[in-house]
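Fold and geometry: a report
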Amino acid sequence: MVLKVSEANGSFDRYHGDFEGSEGLLRASCPSFGETFVGGMALRSKRSALCAEPPTSSCGPSLSVASVIPTSPSKSSVLSASSGCSMPIPIVLPKKHNSFPGRGSVHTWIDGMRAQSPPPIRSLPGDTPELFDLEAAIYKSWLEDHPSALSSFDRVIKQSHNKQIVVFLDYDGTLSPIVEDPERAFMSAEMRATVKEVASCFPTAVISGRSRPKVYDFVRLSELYYAGSHGMDIQGPSNISDGFRVKGTKSRDKKGNDATNFQPASEFLPLINKVTTALIENTKMVKGAKVENNKFCVSVHFRRVKEELWEGLAERVGNVMKEFPTLSLTHGRKVLEVRPSIEWDKGKAVEFLLKSLGFQDTNDLIPLYLGDDKTDEDAFKVVNSTKYGCSILVSSVAKPTEAKFSLRDPSEVMGFLCKLVHWEKCRQDPNSIYMDRNFSQIP
Ligand SMILES: O=P(O)(O)OC[C@H]1O[C@H](O[C@H]2O[C@H](CO)[C@@H](O)[C@H](O)[C@H]2O)[C@H](O)[C@@H](O)[C@@H]1O
């Protein structure tokens, strides 16, 4: 079977591209087809179109997949914003302030959103068994590069002797299942109890795109640390280590303990409120569109919008963005995210929290990060850069990712976290009932 892939050529300007790599392309090998193919993720996201395409090769269908998205945010001018901290936060200015993202960009965002949230295997009417087999083969092949963190548990915690585990958790799609209504993305009581157990064993933080108070309202565990707005609103421990130059403001956490608040984009607050109003005004006529103000960033939800209206909605968002040159756009799971163009992301939040927890030497640590979305990739990279760090993508379909391991869905996340807790209890007390090294007692 031959898979032909054509590369998207949209202009990116200030709009963050998708995954980074030598060519910005996903490469996956699919031995069963005797070929290496490129862009398998896009294949899934475009499969309806794919079904309609006639085969052009005697060996099988020829695919034209144009949702491969180049690479990094603009590396143009860097300014410094003061934000109540002694470390300058660079602002990334767009290369071209007045360039309207053309159709290519709009399509790129839409393709990117689709690639981040492909439908589960065999959920579309008209899928053929061949397509199912192809997708299953792609997923199987992808699993070889991103093995299950459950079945590879020993590898995840390898060399853990005397190492401090620190757990970072994304919220939507990781602790709670993805649902139509963002206001109803509740986590289960079992998941809450499991996360509570995790926090009793290890320093644990939730890092979410939601505003910090909102994600706290969903999780409701005062023993965790929280970073909202994709890491731009952190409430961490108070023991900022001496060597770390970023200062936060002192506060109290929900338990009344000393805490540190750090908001590197605080100067953008008025602008974020302004863009929220403009986005609401400019998208209210699109049925199903929803604008969610996450304090230092804004989400425009596409999930309940008919797909034929996506392009129009994306164009409306692009039009609004023209008026806000210091804001950037990224995409996630059926969502466009508007955020300040500062060099701060979930990865930086992980670094901040590790340092504010007092961990200077990451060689003594096993930072674990579990997340399901595009913005979690920044954190995967940071965790991967540590000696023992472990990055886990939550996805039931093959997706381009920096993560080393994978879990299919929040229920597997819960299974993994349970295993981690039991493993830690076993490590602390070798005579405990958890001594079964095969973890057979673990639910
Ligand atoms: O970083 P996260 O905690 O994963 O937050 C990312 C975005 O999550 C939410 O949207 C996503 O989940 C919704 C509920 O399941 C779903 O309806 C939506 O389509 C997803 O994109 C949240 O509403 C956004 O504000 C977050 O930025």
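Structure first, text after, so check above.
Everything numeric here is computed off the predicted structure, so don't read it as measured data. (Residues numbered from 1 in each chain as written. Predicted model: local features only at pLDDT ≥ 70, side-chain atom pairs only at ≥ 80, totals over all residues. Heavy atoms only, no water.)

Turning our eyes to something else, we now look at the pairing of strand 12 (residues 298-301). Alternating positions in strand 12 separate into two faces, Val 298 and Val 300 on one and Ser 299 and His 301 on the other, with burial throughout. Two elements, strand 11 (residues 290-293) and strand 12, share four bridges in a ladder whose sense is antiparallel. Each residue of the ladder has a partner; that of Val 291, found in strand 12, is Val 300. Pairing between strand 12 and strand 14 (residues 335-340): four bridges, direction antiparallel. Within strand 14, the residue paired with Ser 299 across the bridge is Glu 337. (Buried < 20%, exposed > 50% of the residue type's maximum accessible area, 1.4 Å probe, protein only. Helix = DSSP H or I, 4+ residues; strand = E, 2+ residues; numbered from the N terminus. Pairing = 2+ DSSP bridges.)

Before going further, it helps to spend a moment on the state of the cysteines. Under the definition given, this model contains zero disulfides. Take Cys 201: it sits in no disulfide, and the sulfur closest to it among the cysteines is that of Cys 418, at 11 Å. Considering cysteine sulfurs only, Cys 201 is the nearest to Cys 390, which forms no disulfide, with 17 Å between them. (Disulfide = S-S within 2.5 Å.)

Now for the sheet that holds strand 13 (residues 327-332). Within a sheet, adjacent strands bond to each other through the backbone by hydrogen bonds, running parallel or antiparallel. Judged by pairing direction, the sheet is antiparallel, and its four strands sit side by side in the order 11-12-14-13 without closing on themselves. Looking at which strands have only one partner, the edges of the open sheet turn out to be strand 11 and strand 13. Taking each pair of neighbouring strands and ignoring which way they run, the sheet shows an average axis angle of 20 degrees. Across six bridges, the pairing between strand 13 and strand 14 is antiparallel. (Axes fitted to C-alpha atoms, helices over the stretch in contact; angles between N-to-C directions.)

A large share of helix 10 (residues 346-356) lies buried, amounting to eight of its eleven residues. Taken together, the buried positions of helix 10 are Lys 346, Gly 347, Ala 349, Val 350, Phe 352, Leu 353, Leu 354 and Ser 356. Two or three places before Gly 347, at the opening of helix 10, Asp 345 has a side-chain oxygen 2.9 Å from that residue's backbone nitrogen. After helix 10 finishes, the residue Gly 358 shows a positive phi value of roughly 95 degrees. (Polar contact = N/O pair within 3.5 Å; in protein donor to acceptor, adjacent residues only side chain to side chain.)

With respect to the element layout, Ser 406 can be found in strand 17 (residues 405-407). Separated by 2.7 Å, the side chain of Ser 406 and the backbone oxygen of His 146 make a polar contact. Those residues in contact with Ser 406 that sit more than four places away from it in its chain are Trp 142, Leu 143, His 146, Pro 147, Ser 148, Ala 149, Ile 392 and Leu 393. (Contact = heavy atoms within 4.5 Å.)

Our focus in this paragraph is the site of the ligand. Taken together, 23 residues form the shell around the ligand, and within it Val 179, Glu 292, Arg 303, Arg 333 and Lys 346 come nearest. Here an oxygen atom of the ligand and a side-chain polar atom of Asp 170 are 2.7 Å apart. At 2.8 Å from an oxygen atom of the ligand is found a main-chain nitrogen or oxygen belonging to Gly 209. Those elements giving two or more residues to the shell around the ligand turn out to be strand 12 and strand 14. When residues are assigned to domains, the shell around the ligand turns out to be shared by domain 1 (129-223 + 344-428) and domain 2 (267-340), each giving three or more. (Near = heavy atom within 4 Å. Domains from an automatic or database assignment.)

Another aspect to go through is the nonpolar core. Side chains of nonpolar character tend, in soluble globular proteins, to be buried together. Ranked by size, the top nonpolar core spans 58 residues in total, and within it Phe 168, Leu 279 and Val 350 carry the most contacts. If one sorts the elements of this core by residue count, helix 9 (residues 310-322) sits on top with six residues. For this core, the two domains that each supply at least three residues are domain 1 (129-223 + 344-428) and domain 2 (267-340). (Core = buried A, V, L, I, M, F, W, Y, C linked by side-chain atoms within 4.5 Å.)

Right, let's get into the packing of helix 6 (residues 189-201) against helix 12 (residues 410-428). A pair of packed helices is captured by two measures, namely the crossing angle of their axes and the spacing between those axes. Helix 12 packs onto helix 6 with a crossing angle of 35 degrees between their chain directions and a minimal axis gap of 9 Å. Where helix 6 crosses over helix 12, the two elements pack in a sense that is left-handed. Residue-level inspection shows Glu 190, Met 191, Thr 194, Val 195, Glu 197, Val 198 and Cys 201 of helix 6 in contact with helix 12, the latter providing Pro 410, Val 413, Met 414, Leu 417, Cys 418, Val 421, Glu 424 and Lys 425. Classifying every residue of the contact of helix 6 with helix 12 by side-chain character gives ten nonpolar, one polar and four charged. (Left-handed = near helix turned anticlockwise from the far one by under 90°. Nonpolar A, V, L, I, M, F, W, Y, C, P; charged D, E, K, R; others polar.)

Let us look at the packing of helix 10 against helix 11 (residues 376-384). Packing of helix 10 against helix 11 brings their axes to within 6 Å, and their N-to-C directions diverge by 45 degrees. With respect to each other, helix 10 and helix 11 are oriented oblique. Between helix 10 and helix 11, the contacting residues are Lys 346, Gly 347, Val 350 and Glu 351 on the first element and Asp 376, Asp 378, Ala 379, Val 382 and Val 383 on the second. Of the residues in the contact of helix 10 with helix 11, the class split is four nonpolar, one polar and four charged. (Parallel < 35°, antiparallel > 145°, perpendicular 65-115°, else oblique.)

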